[in-house]
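# Close look at the chain arrangement
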Amino acid sequence: MKLKLVAAGVLLAFGLGAQAAPLIIKYSHVVADVTPKGQAALKFKELAEKKLPGKVEIQVFPNSQLFGDGKEMEALLLGDVQILAPSLAKFGKYTKQIQIFDLPFLFDDIHAVDRFQASKEGQGLLNSMEKKGIKGFGFLHNGMKQLSANKPLGYPTDAKGLKFRIQASDVLEAQFKAVGGNPQKLAFAEVYQALQTGVVDGTENPWSNIYSKKFHEVQKYIMDSNHGVVDYMVIGNAKWWAGLPPDIQKGLSEAMLESIKFGNKVAFEEDQAFRQKVIDENKAKVLPMSKEQTAAWRAATQPVWKKFEAEIGKDLIDAALKANK
């Protein structure tokens, strides 16, 4: 009898211990810890484990340690990883609505992007892929894109005949064709040499890319155009998320929102710092874009909005314009 009681006690203790084991959550991304995205991921770990002590353990895998760019979405859908923060360009096969962020000269600045993403329509994008297994948590900024070339691009006519490097995007292809440019799809790793050798004449990038990849050394002019946005979406496996207890969901949601807010503050500060570094090095001339010039670019590229309106949705485009105030 005594042995049975001891055995029962051991089993009970074992059961309680197993129950108390924290939930392991893997957060994988493809950049370094020091980037805004990397810092946001680490902040999420810190906040989530603080809000849910002993209940969750967040394992952050930066620099493609767990899954690279090409495999991470598949890994999420298979349940091999729970949280990712891919570039918005990765979502084209899951929803065409996300192309709104590629539309040229739609948003006045990053603050307008923030207002749109916080709106009912912007938040709706986070839930637009749940039937395909993807739960959106929020948007993380990289920065607004700036046009660059070896001649000033004050007006759309200045782009005529120039070859521009673009990411693989139908919207970006249409953007440069609308102003008479020749878009060329090139891998990001090839851009510096392509600019240096004249394979392409210009490109578009946020300030962090321009400075860190030294594009300002092989371009004579960079416009303060803020004509598009490069962002990420923090996402989770929808089935995994739906199966979490309400208290875990609440704690993780709070931690995620706070970490995204933190990451976006870092991204904005770094964006401004990189812009200043480009100006200080004085290898490329940074030119302002006046309201008149911006209006001319917007008018010239507005047919692109119309071209993709059916795929994206007029309601989304209207909500984005409203966010400009």
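See above for the structure.
Everything in this summary refers to the structure shown in the same document. Position labels on residues start from 1 in each chain and follow its written sequence. A pLDDT threshold of at least 70 governs which residues receive local features in this predicted model, and a stricter bar of 80 or more applies before side-chain atom pairs are shown or counted, although totals over entire chains, interfaces and linings include all residues. Calculated side-chain values reflect all of the structure's heavy atoms, with hydrogen atoms and water omitted.

## Things to note about the packing of helix α2 (residues 36–51) against helix α10 (residues 246–281)
- Under this scheme, a helix contributes an axis fitted over its contacting stretch, all axes are lines through C-alpha atoms, and angles between N-to-C directions fall in the 0 to 180 degree range. Think of it this way: any DSSP run of H or I at least four residues long counts as a helix, any run of E at least two long counts as a strand, and we number them from the N terminus. Orientation of α2 relative to α10, taken along the N-to-C sense of each, is 150°, at an axis distance of 8 Å. Between α2 and α10, the interaxial angle falls into the category roughly antiparallel. Here α2 and α10 pass one another in a crossing that is right-handed. Here α2 contributes P36, Q39, A40, K43, F44, L47, A48 and K51 to the contact with α10, which in turn contributes G251, L252, E254, A255, M256, E258, S259, F262, G263, V266, A267 and E270.
- Three classes are used: nonpolar for Ala, Val, Leu, Ile, Met, Phe, Trp, Tyr, Cys and Pro, charged for Asp, Glu, Lys and Arg, and polar for all others, with Gly counted as polar. When the residues that make up the contact of α2 with α10 are grouped by side-chain class, the tally is 11 nonpolar, four polar and five charged. Small angles under 35 degrees read as roughly parallel and large ones over 145 as roughly antiparallel, with 65 to 115 read as roughly perpendicular and the rest as oblique. The hand of a helix crossing depends on one turn: near helix anticlockwise from the far one by less than a right angle means left-handed, and clockwise means right-handed. Residues are treated as being in contact if the distance between any of their heavy atoms lies within 4.5 Å.

## Description of helix α6 (residues 170–178)
- Classification of residues uses two cut-offs on accessible area relative to the type maximum, computed with a 1.4 Å probe and protein chains only: under 20% is buried, over 50% is exposed, and between them is partly exposed. Residues of α6 that are buried: V171, L172, A174, Q175 and F176.
- Contact partners of the buried residues in α6: β5 (146–149), β6 (163–166), β7 (182–185), β8 (203–205) and α11 (291–307).
- The residue sitting at the N-terminus of α6 and contributing the capping side-chain oxygen is S169; that oxygen lies 3.3 Å from the backbone nitrogen of V171.
- Positioned one or two residues after α6, G180 has a phi angle of 80°, which is positive. Between N or O atoms, a polar contact is any pair within 3.5 Å; within protein, one atom must be a potential hydrogen donor and the other a potential acceptor, and residues adjacent in sequence are included only when both atoms are from side chains.

## Comments concerning the packing of aromatic side chains
- Only rings of Phe, Tyr and Trp enter the pairing, Trp through its six-membered ring, and a pair is recorded when the two centres are within 6.5 Å. The plane angle decides the type: under 30 degrees is stacked, over 60 is edge-to-face, the rest tilted. All told, the structure shown has 11 aromatic pairs when counted by the stated rule.
- For the ring pair F164 and F176, a centre distance of 4.3 Å and an interplane angle of 15° mean the geometry is stacked. Placement of the pair is F164 in strand β6 and F176 in helix α6, with a sequence separation of 12 residues. Pair check on accessibility: F164 and F176 agree, each one buried.
- The structure contains a cluster of three or more aromatic residues connected by ring pairs, namely F101, F107, F116 and F139.

## A short note on the pattern of salt bridges
- Salt bridges are defined by distance alone: a side-chain nitrogen of Lys or Arg within 4 Å of a carboxyl oxygen of Asp or Glu. Scanning all chains against the criterion turns up 18 salt bridges.
- Across the pair K283 and E281 runs a salt bridge, and its minimum N-O distance is 3.7 Å.
- Since its relative accessible area comes to 30%, E281 is described here as partly exposed.
- Here K314 makes a salt bridge to D318, at a shortest N to O gap of 2.9 Å. Of this pair, K314 and D318 are both found in helix α13 (residues 314–322), four residues apart, which corresponds to roughly one turn of the helix.
- Given the relative accessible area of 46%, K314 is considered partly exposed.
- Residue D318 is classed as partly exposed on the basis of its relative accessible area, which comes to 37%.
- Ionic contacts of the salt-bridge type, sharing partners, join the residues K51, K250, E254 and E258 into one network.

## Let's talk about the pairing of strand β1 (residues 23–28)
- Two strands qualify as a pair provided DSSP detects at least 2 bridges between them. Relative to strand β2 (residues 56–61), β1 is paired through six bridges, and the arrangement is parallel. Pairing of K26 across the sheet is with Q59, part of β2.
- By convention, orient the strands away from the viewer: a clockwise path from the first strand over the helix to the second makes the crossover right-handed. Read from β1 through α2 to β2, the crossover connection turns out right-handed.

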